[in-house]
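Fold and contact review
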Amino acid sequence: MLVDINNISLDKKDKRRIAVILIAALVIKLILAFTLSSDLRSDSLDYHKLAVSMVKNAEYSLDGKPTASSTIGYPLFIAGVYLVTGADQLYVRIAQSLLEVLTGLLFFMFCLKYFDIKRSVQALAVFSFFPSNILYTQTLLSESLFGLLALVILYYFYTGKIDWKIFLIGMISGYAFLVRSSFMFSMLIFPIALFVYGRKYFEGFQHKRTKRAIQYAVYFFAGAAIVVLPWLIRNKIVLNTFSTGTHGGSTFWSGSNPEATGTWYHKIEDTNPIFSIQDEAERDKAFYKAGMEYALKNPHKFAVLGVKKLVYFFSSERMVLLYFTPDEGRARTSSEVYRSINPLIIALVNLPYFAVMILGTWGLMLMRKKRFILYGYIFTWLLTFFIFVALARYHYVLIPLFVMGTVKFASENRFRLTHFNLKQKIFGALVTLFFIAIWGVEFYLIYK
């Protein structure tokens, strides 16, 4: 019996392979859910407290105080789990492990837009057993949930037809924005794609295509607005700000000040009195003002800091490994804690990441279908963290695309460089050297 997906038929053997991959990955995650321990801290602790507040008190507050320090999307998801199971992070891990089955299926279907069944199954296997992907399902962090939402949106815009469902996709995009506000720039790529690929999405003459593109762009933004506006109105009523989150100013200033390193640095809250402002809306504005003044007066330094942020963005999978180390407060820096982790575990998690990022860079240059969406999504995500402070875990969002690039380069191109023009070879070589330099310096500084 054959099942048709995207005009490609899956026989029983194909379906069996997909099921084995997804079930095996799920079993690994469920085992880790019951055996891998972690201390809630930083963002994950805040998410937990916000979720508990919603369930117990029906209000969005942190330590008894109404807040918008984090956008509501991910805490709302945790609250939904807690409402059913009780406030135990174990059940969030289980829920995220189950969500990853859907993410895997979506990833496979997305791969079929570029590859045949065999290559798509290979990509699914790499993605499903990618060490850091498995570990992120065991955290109280937004990566797993956002990853699923992002793939839903990407998959829709890679279909051959745009219809009324774009309104629902807009709603999903709005929720994805509330899960990760850093989605703001990347979110704009999709309605723009309606105009870029109007000939493929819509039939008829140029005027008709433009009219349809405008119509569906309005549907997209209307769907997003329905989801986002209630949160903005709540923030205006409760905190007197229409900001989606009052953390934006501090993340901007942290990457745009005389002491900035490109990421959150040790004891950062001791470096500026703005952190002591009690009104978080005013604190947010003050941070934006201070960061903007520094950037405008020192554009060259801001540009250099932007590069440093990308260095941290593409650094090793340290964040997900540090998540499962004991909470020591500020006793040691993250680098000191990272150094104490078993080197074999560090290698197990990082070597696949290194391979996928390097090979994926070359393979992504060979992708031909709807490049504006593919490259635009990557570029806007990087632009976001060129402007704001960067952390290593933020590159998680791009892993599916780099996995696809890896399969493209390794399986179809067979590691040859003959299919690249001179500009692509230069770009690929520079990015590869950039990655190697980042990881080489990082581990030299850790183990010196």
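Computed from a predicted structure; not experimentally measured. (Residues numbered from 1 in each chain as written. Predicted model: local features only at pLDDT ≥ 70, side-chain atom pairs only at ≥ 80, totals over all residues. Heavy atoms only, no water.)

Structural notes on helix H2 (residues 42-57)
Which entries qualify depends on this criterion: Runs of H or I in DSSP of at least four residues are treated as helices and runs of E of at least two as strands, each being numbered from the N terminus. Here, expected helix span is obtained from the residue count minus one, scaled by 1.5 Å. Three exposure classes are used, based on accessible area relative to the maximum for each residue type with a 1.4 Å probe and protein chains only: buried under 20%, partly exposed in between, and exposed over 50%. It only takes one pair of heavy atoms within 4.5 Å for two residues to be counted as in contact.
Given a rise of 1.5 Å per residue, 16 residues ought to cover 22 Å, and the 22 Å separating the end C-alpha atoms of H2 matches this to within 8%. By the burial criterion, the buried members of H2 are Ser44, Tyr47, His48, Leu50, Ala51, Val52, Ser53 and Met54. Here the buried face of H2 lies against strand E3 (61-62) and helix H3 (73-85). Just past H2, the residue Ala58 takes up positive phi, approximately 55 degrees.

Section: the pattern of salt bridges
What counts is decided by this rule: Within this document, salt bridges are pairs made up of a side-chain nitrogen of Lys or Arg and a carboxyl oxygen of Asp or Glu, the two lying within 4 Å of each other.
Applying the stated criterion across every chain, the model contains eight salt bridges. As a salt-bridge pair, Arg393 and Asp43 come within 2.9 Å of each other at their nearest N and O atoms. Here the residue Arg393 occupies a position in the loop between helix H19 (371-387) and helix H20 (399-412), and Asp43 occupies one in helix H2, the gap between them amounting to 350 residues. Glu143 is the salt-bridge partner of Arg393, the closest N and O atoms lying 2.7 Å from each other. Of this pair, Arg393 sits in the loop between H19 and H20 while Glu143 sits in helix H7 (residues 143-157), and the two are 250 residues apart along the sequence. Three or more residues are tied together by salt bridges with common partners; here these are Asp43, Glu143, Arg180 and Arg393.

Observations concerning the environment of Leu445
Looking at where Leu445 falls in the secondary structure, it is placed in helix H21 (residues 422-447). For Leu445, a relative accessible area of 46% gives the class partly exposed.

Re a nonpolar patch on the surface
To keep it simple, the criterion reads: To count toward a patch, a residue needs a relative accessible area over 30% and no salt bridge; like charges are then connected within 9 Å, while nonpolar side chains (Val, Leu, Ile, Met, Phe, Trp, Tyr) are connected within 5 Å. For the accessible areas, the method is Shrake-Rupley and the probe is 1.4 Å, while residue cover comes only from the protein chains on display.
A cluster of nonpolar residues, Leu229, Ile233, Ile237, Val238 and Phe242, forms a patch on the protein surface that exposes about 510 Å² of accessible area. Mapped onto the fold, Val238 is located in helix H12 (residues 206-239). Relative accessible area serves as the criterion here: at 40%, Val238 is assigned to the partly exposed category.

Re the packing of H7 against H19
Any two packed helices are characterised by the angle at which their axes cross and by the distance between the axes. We count it as follows: Axis angles are defined between N-to-C directions and span 0 to 180 degrees, where every axis is a line fitted to C-alpha atoms and, for a helix, only to the segment in contact. Crossing handedness follows the turn of the near helix against the far one: under a right angle anticlockwise gives a left-handed crossing, and clockwise gives a right-handed one.
Running from amino to carboxyl end, H7 crosses H19 at an angle of 145 degrees, the nearest separation of the two axes being 11 Å. For H7 against H19, the interelement crossing comes out right-handed. Facing Phe146, Ala150, Leu154 and Phe157 of H7, the residues of H19 in contact are Ile373, Tyr377 and Trp381.

Let's talk about the layout of surface pockets
Our working definition: Any residue with an atom within 4 Å of a point lines the site, the site being either a cavity, points on a 1 Å grid over the protein atoms alone where a 1.4 Å probe fits but cannot get out, or a pocket, an open set with protein on both sides within 12 Å along at least 5 of 7 lines. Grid points are joined across faces, edges and corners, and a volume is the space filled by probe spheres set on the points. Polarity classes work like this: nonpolar for Ala, Val, Leu, Ile, Met, Phe, Trp, Tyr, Cys and Pro, charged for Asp, Glu, Lys and Arg, and polar for all others, with Gly in that last group.
Volume-wise, the second largest pocket comes out at about 510 Å³. What lines the second largest pocket is a set of 18 residues, and nearest its centre among them are Thr361, Ile378, Leu382, Phe427 and Val431. Of all the elements in the fold, those that place two or more residues in the lining of the second largest pocket are helix H18 (343-364), H19 and H21. Of the residues forming the lining of the second largest pocket, the biggest block, seven residues, is contributed by H21. Its residues placed into classes, the lining of the second largest pocket shows 14 nonpolar, two polar and two charged.

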